[in-house]
Amino acid sequence: MDNNTTPNQNGDNHHKKQKNKPNLGLFLFLVISSFIIMNYFMKSSDDGKSKEITYDAFIDMLEEDKVDKVEDTGLTWKITPKTQPLEEVEFTYYTGKMNDDALLPMLREKDVEIQPYIQDTIGTLIWEIVWSLLPFILIFTVFSFMMRKMGGGGVMGVGKSKAKVYIEKETGVTFKDVAGEEEAKESLVEIVDFLHNPQKYVEIGAKLPKGALLVGPPGTGKTLLAKAVAGEAHVPFFSLAGSDFVEMFVGVGASRVRDLFEEAKRHAPCIVFIDEIDAIGKSRDSRMGGNDEREQTLNQLLAEMDGFENNQACIVLAATNRPEVLDQALLRPGRFDRRIIVERPDLKGREDILKVHAKRVKLDETVKLDEIALATSGAVGADLANMINEAAILAVKHGRAAICQKDLFDAMEVVLMGKEKKNKILSTEERKIVSYHEVGHALATALQKDSEPVQKITIVPRTSGALGYVLQTPEEEKNLMSKKEIEARLVTCMGGRAAEELVFETVTTGAAQDIQQATRLARAMVTQYGMSEKFGLMGLESRESMYLDNGTVLNCSDETAASVDAEIMRILKESYEKAKKLLEENRDCLDQIAEFLIEKETITGKEFMEIFHRIKSEDGEYHQEELIFAE
Ligand code: ADP
Ligand code: MG
Ligand code: ZN
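From a predicted model like this one, the values you see are computed outputs, not experimental measurements.

Rules used throughout
- Residues numbered from 1 in each chain as written.
- Chains lettered and ligands numbered in written order.
- Predicted model: local features only at pLDDT ≥ 70, side-chain atom pairs only at ≥ 80, totals over all residues.
- Heavy atoms only, no water.
- Donors = N, O, S within 2.8 Å, 3.2 Å for Na, K, Ca; no water.
- Tetrahedral: all angles 85-135°; square planar, octahedral: opposite > 155°, others 65-115°.
- Helix = DSSP H or I, 4+ residues; strand = E, 2+ residues; numbered from the N terminus.
- Buried < 20%, exposed > 50% of the residue type's maximum accessible area, 1.4 Å probe, protein only.
- Disulfide = S-S within 2.5 Å.
- Core = buried A, V, L, I, M, F, W, Y, C linked by side-chain atoms within 4.5 Å.
- Contact = heavy atoms within 4.5 Å.

## Section: the coordination of the zinc ion (ligand 3)
- Summarising the metal site, the zinc ion (ligand 3) is bound by the protein donors His 437 (NE2), His 441 (NE2), Asp 514 (OD) and Asp 514 (OD), whose distances to it range over 2.0 to 2.8 Å.
- Of note is the zinc ion (ligand 3), whose four donor atoms meet at the metal with angles of 52 to 146° in an arrangement that counts as irregular.
- Donor residues for the zinc ion (ligand 3) sit on one chain with the sequence pattern H-x3-H-x72-D. With a gap of four residues between them, His 437 and His 441 both fall in helix 18 (residues 428–447), about one helical turn apart.
- Judged by its relative accessible area of 8%, His 441 is buried.

Dropping the structure here:
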């Protein structure tokens, strides 16, 4: 009765069957047992009103006709006298039994009520045993109850496998449900074939693979792929998250691993899936000091994987987004020797994912999924699935029967930027500032031909905290960025702040995000991309994790770090100056578009470019000259 199945955040394990029910039973048990205990004490309390007397005294009492009733309790006579010293409590005497044949006639003669002894039955014996054990049972129950509260497996549940709870006979997911990720699927097809007919491989003498590690950023479909392998091979799917193994008690995780594999071997061929394996598979020689429980669990896992017979088609799949922290022992041949990379989807992949999820919803003829795919560079499968769902909700909200392209674009903004905050009202002054800020970004983009065109500019606040933003969509999928492009991006980032300073001669907090983004980009230029003249090709920083953006580590001396900072500062300053110069030269453009934006709140890229081109052609000559002059 392992009732401590904590809800899994992933939401993938909703096929658990057990619920937290036994608590009611426990409560009833406690109530009943305390009731029995109370009775027990009440019963024994009237024993105090009994006094031992000698057999002689008993006979004397009988002769003096003072006895009302005698009761044979097995070993003694319990004597109730005729006169009671107190009225409210019954007072009795007792004395040992003797072989006295004269007693019975005497009792008869004095007309004393006699209650004979009734032999203990099995039932009463059991009651006695239960009573004597009761305190222990109670302590035990309370203890295990507390354990459960504290999040342990409960004393009775310690080490019990959760594997049974997570088993899925048929996942029902196939490779068709996983779009893109062609390379990953290709590697997995082999595993499916192993599971289908292991005999074929055994006969040739090939060793069956034991495990494969799925690595990739969160939301790219690792869990989905594992399920698809089981679904394609029509084998049972055992799944556990790495954190399920880690418990309060040392040794629990290890026993859980043992149970899981025992169960899995019984169901072979099957798939065992360990999600987020980095929770247990972290390198054992960590500098922070070890963690006994985790290490034992890991050792058990390694031992179990080695223990598979060659003809047992039990394949262990594991997923992680931090492959670099995994213990080397996990990765050597015979364990998770296959590493399957599940990358962020490319343009084609994103379109395919959108198509897979679009099957579940109704689309109208305006929808062009390739446009959405182009605009969502960097999004993973989970984002795209979420987008389609959000679009469906938007369509319902607007009373449409099918999703149109605008719903999809709006949904994209909702997923990327948060919902519109309709009731947040900016003051006229603030609207003006935000408007100039955003147009500053957009204009800086448009004025540098290396930058992407703008799609939309808006000053409607979003729940993400943005007061306005410029939506840019690339014309094509980009995998590389040139130095020139990065520099142009930096100028674009600075455009917002530059416009504020130019127009209002003061600056606001609105540029915080831009500054952060620009700084990160400039730092990467210097420390990772080898794009600064000062440091050349030296790698000064390395990324901590391949698939999560959780920062970088500096690999240089403190002095170098200080001059890196100086270099970054210089780059940022130059970008800002350039942005300011660009906007200054196009001040009329900035003013007109900003005014238009204040009025409309949201303008499209087309409207923006129209105004931009009109003004450019009006005084194009003039700017041309000035630019030459400036150079
Ligand atoms: P991960 O385990 O890599 O973090 P999941 O497999 O849990 O990601 O993916 C979450 C959801 O995102 C899936 O349930 C699915 O709806 C969607 N998804 C992710 N990748 C894909 C893909 N390649 N094809 C179709 N749907 C996907
Ligand atoms: Mg997952
Ligand atoms: Zn900005």
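## Notes on the state of the cysteines
- Evaluation of the coordinates by the stated rule reveals zero disulfides.
- Cys 270 supplies the cysteine sulfur nearest to Cys 314, a cysteine that is in no disulfide, at a spacing of 3.2 Å.
- Taking the relative accessible area as the measure of exposure, Cys 314 reaches 2% and is therefore buried.

## Some thoughts on the nonpolar core
- Counting 49 residues, the largest nonpolar core has Leu 443, Leu 490, Ile 593 and Phe 608 as the members making the most contacts within it.
- Contributing elements (two or more residues each) for this core: helix 18, strand 12 (454–458), helix 19 (483–504), helix 20 (512–527), helix 21 (558–585), helix 22 (587–600) and helix 23 (605–618).
- A total of 10 residues in this core trace back to one element, the largest contributor, which is helix 19.
- Those residues in contact with Leu 490, other than ones at most four positions away along the chain, are Ala 518, Leu 521, Ala 522, Met 525, Ile 571, Leu 572 and Ser 575.
- Formed by 29 residues, the second largest nonpolar core is a distinct cluster that contains Ile 191, Ala 212, Ala 313 and Ile 340.

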